[in-house]
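# Observations on chain architecture
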Amino acid sequence: METANQNSTLIAPGHEYWLGTDLAGNSIAEATLKAFMLEIATVVVVGAFIYWLGLLIARKIAYHQGSIPVIVAGMLQTWAMIPALLVGILLLVHLGWGQLNVILVLIFLFTPTQSLVALEKILNETGEDYVLAKLSYGFTWSYIIDQHVTPNIKSSYRAYTLSRLPEVVLADLAFNFLGIGAQPPWPSLGGLLFDGLGFMASAWWIWLPSVVSICLLIFIVVYLHERIGVEWKWRIMEKG
Amino acid sequence: MVLQNTAYRIASLFAAALIIPIFPVWGILAGMEGAQYVISGSLNIGSQSQIEQSPFEIYLHVLQGLLNFDFGFSTGTGARVNTIIANAYRVSVPIIVGALVIGYITGYLLGLVRSRKSNGRYRFRYLDYGFFVPIIVYSYVLVYLTSRIQLLESAANYLLASIILAIYPTFVVSKVVEQTIRKVKQSDFYLFHQSMGIPRRTIWLKACRKHFLIELLGLIQPLTVYMLGFIYFVEAPLGINGAGTMLLGALNHFDYPLITGFTITGLMLLVGISIFQELILYKINRMRYSIT
């Protein structure tokens, strides 16, 4: 692997450094690879947490019958209209910079809308006949929600979560571009883009690998959503 | 429902106004990095004596400033935060409005194309991947290419910024137009009018306009949220001194009053737009947006 060299600042791509070096003499190839891995880790962690937390919160709310779920859904809808990025910036200013804080803030920002969608799916499903049948058999409401309703909505909810991953990528990119994400010496895709801002034409190799990595990541995420989300939808339709 | 939604939004604004002053108090008490900027910026002074105030007094001081729309003085330039933000929005608002106009026009035309599918599949669906690419990628690539051919001038900067910012809104509007066309074509009233022998063009022009208007107007607030949230992705590469560049500078220098002033004014602006949008939609379609 290429290593940093203090005397190798702003070297164009070549034999010695495949993707060139930045102003500090760091290898762009190594930095881009690390940043790409960090981005994937962020997306996986945030995606997993918002999936489980959203479902957990929605189930807990749905345990209550009557007007409570409707009121909570209204409050969550109001939250969904708040510009999450601005709230995230405000939170990070007070929590401090760092990728771990960015992950926590992203989970905090995305979980309410996830739980709103899960809650709406659960509430729609509770209108089905089989739920009334289970109630008449004497099963408790929470048992029906956990054992019968939730498994039925999981696949569509999973597809919805996958569809939100490009937003997670974009938000993480935004925080890192603004300089409130991963801090040096750990690189980030947004940070590499910001570093390349002053060298748009003169040192294009600083920002171009980040651009390619971002496009690749987005394509992977969207392709996964289309493949997995569509496949699950077809499975449900086949089951009838 | 309109009153309920409007009440929720106003309540959330008041709740935010009561919660936000807690942050600088927490920052000062928790000993956050750069607390001196929090103190001099939030408390609007540079005097050491004010630090002896109790947390509740600091909270009230900040809350008072918030309710008077006074966010203090920038710790970077020393100018009033309100003035800096107003000047920045004066540059950014035309870009956002231009992007909305471009997004709606191109999105509408693209939506008409999408609705004409062959064998039930949209012919150019793989082009949709391009809409998911972050706008900063387009900013960097276009700025690089235009700098190569020496095209970039001040007026072209703003137009290019609006065009780039309009990419994702174009996709959203086109999807909504396509879905609305499909929904209307399957609706009972459309099929009934068609069976009466009324020409399709007449049905679309006379009966379907309101459906489009309602669906498209409902996109204004979420698209404005998106544009305001990501405007620095176009302003920074294009060298435009608008709200995005201002925020970028404020974060890099930890200009606490400017950061909080920008985020709070952004929140208020967007909540105001959503209330206005809700009232307009209620005016257009009272049946769907009932007052109860």
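Residues numbered from 1 in each chain as written. Chains lettered and ligands numbered in written order. Predicted model: local features only at pLDDT ≥ 70, side-chain atom pairs only at ≥ 80, totals over all residues. Heavy atoms only, no water.

### Concerning the overall build of chain A
- When helices and strands are tallied, chain A shows eight helices and zero strands.
- The linear arrangement of helices and strands in chain A, starting from the amino end, is α-α-α-α-α-α-α-α.
- The C-alpha radius of gyration computed for chain A amounts to 22 Å, which surpasses the reference 18 Å derived for 240 residues by more than 25%, pointing to a less compact arrangement than a globule.
- If you line up chain A on its principal axes, its C-alpha atoms span 80 × 40 × 25 Å.
- By the burial criterion, 50% of the 240 residues in chain A qualify as buried.
- In chain A, 68% of the contacts between residues at least 6 apart in sequence involve partners at least 24 apart.
- Surface accessibility of chain A: about 11300 Å² in total, with carbon and sulfur atoms responsible for 66%.
- With 12 positive and 16 negative side-chain charges, chain A shows a spacing of 13 Å between the two charge centroids. (Helix = DSSP H or I, 4+ residues; strand = E, 2+ residues; numbered from the N terminus. Rg over C-alpha atoms; globule rule 2.2 N^0.38 Å. Buried < 20%, exposed > 50% of the residue type's maximum accessible area, 1.4 Å probe, protein only. Contact = heavy atoms within 4.5 Å. Areas by Shrake-Rupley, 256 points an atom, 1.4 Å probe, with all protein chains shown as cover. Lys, Arg positive; Asp, Glu negative; His and termini not counted. Charge placed at Lys NZ, Arg CZ, Asp CG, Glu CD.)

### Regarding the interface of chain A and chain B
- Contact residues are listed per partner, giving 40 residues for chain A and 43 residues for chain B.
- Here chain A and chain B share an interface that buries about 3900 Å² over both sides, 82% of which is from carbon and sulfur atoms.
- At the surface where chain A touches chain B, the tally comes to zero salt bridges.
- Connecting chain A to chain B are one residue pair in polar contact (both at pLDDT 80 or more).
- Of all the secondary structure elements, the ones that give two or more residues to the side of chain A that touches chain B are helix H2 (68–81), helix H3 (84–95), helix H6 (141–177), helix H7 (189–195) and helix H8 (208–239) of chain A.
- The biggest single contributor to the side of chain A that touches chain B is H3(A), with nine residues.
- Within the side of chain A that touches chain B, the residues separate by chemical class into 35 nonpolar, four polar and one charged. (Buried area = accessible area lost by both parts, 1.4 Å probe. Salt bridge = Lys/Arg side-chain N within 4 Å of Asp/Glu carboxyl O. Polar contact = N/O pair within 3.5 Å; in protein donor to acceptor, adjacent residues only side chain to side chain. Nonpolar A, V, L, I, M, F, W, Y, C, P; charged D, E, K, R; others polar.)

### Remarks on the environment of Pro185(A)
- Examined against the element boundaries, Pro185(A) turns out to sit in the loop between H6 and H7.
- Counting along the chain gives 28 residues from Pro185(A) to Ser213(A), while the straight-line C-alpha distance between them is 19 Å.

### Re the environment of Thr113(A)
All names here are of chain A.
- With respect to the helices, strands and loops of the structure, Thr113 is situated in helix H4 (residues 99–125).
- Residue Thr113 is classed as buried on the basis of its relative accessible area, which comes to 12%.
- With near-sequence residues (within four places) excluded, Thr113 lies in contact with Ala80, Tyr160 and Arg164.

### Side note on the nonpolar core
- Counting 112 residues, the largest nonpolar core has Phe175(A), Phe177(A) and Phe233(B) as its most contacted members.
- With near-sequence residues (within four places) excluded, Phe175(A) lies in contact with Leu85(A), Gly88(A), Ile89(A), Leu92(A), Val102(A), Val105(A), Leu106(A), Leu109(A), Ile180(A) and Gly181(A).
- Judged by nonpolar contacts, the second largest core, of 18 residues, contains Ala58(A), Ala118(A), Ile144(A) and Val149(A). (Core = buried A, V, L, I, M, F, W, Y, C linked by side-chain atoms within 4.5 Å.)

### Digging into the confidence of the model for chain A
- The predicted model of chain A averages 84 in pLDDT, with 92% of residues at 70 or higher.
- Helix H1 (residues 28–62) of chain A holds the highest mean pLDDT among the elements of chain A, 92, whereas H2(A) holds the lowest, 74. (pLDDT = per-residue confidence, 0-100.)

### Let's talk about the packing of helix H5 (residues 81–115) of chain B against helix H16 (residues 256–284) of chain B
Residue and element names in this part refer to chain B.
- Contact geometry of H5 with H16 gives a least axis separation of 10 Å together with a crossing angle of 55°. Of the possible angle classes, the one that applies to H5 and H16 is oblique. For H5 against H16, the interelement crossing comes out right-handed. Contacts between H5 and H16 involve Val81, Ile84, Ile85 and Tyr89 on the former and, on the latter, Pro257, Leu258, Gly261, Phe262, Thr265, Gly266 and Leu269. (Axes fitted to C-alpha atoms, helices over the stretch in contact; angles between N-to-C directions. Parallel < 35°, antiparallel > 145°, perpendicular 65-115°, else oblique. Left-handed = near helix turned anticlockwise from the far one by under 90°.)

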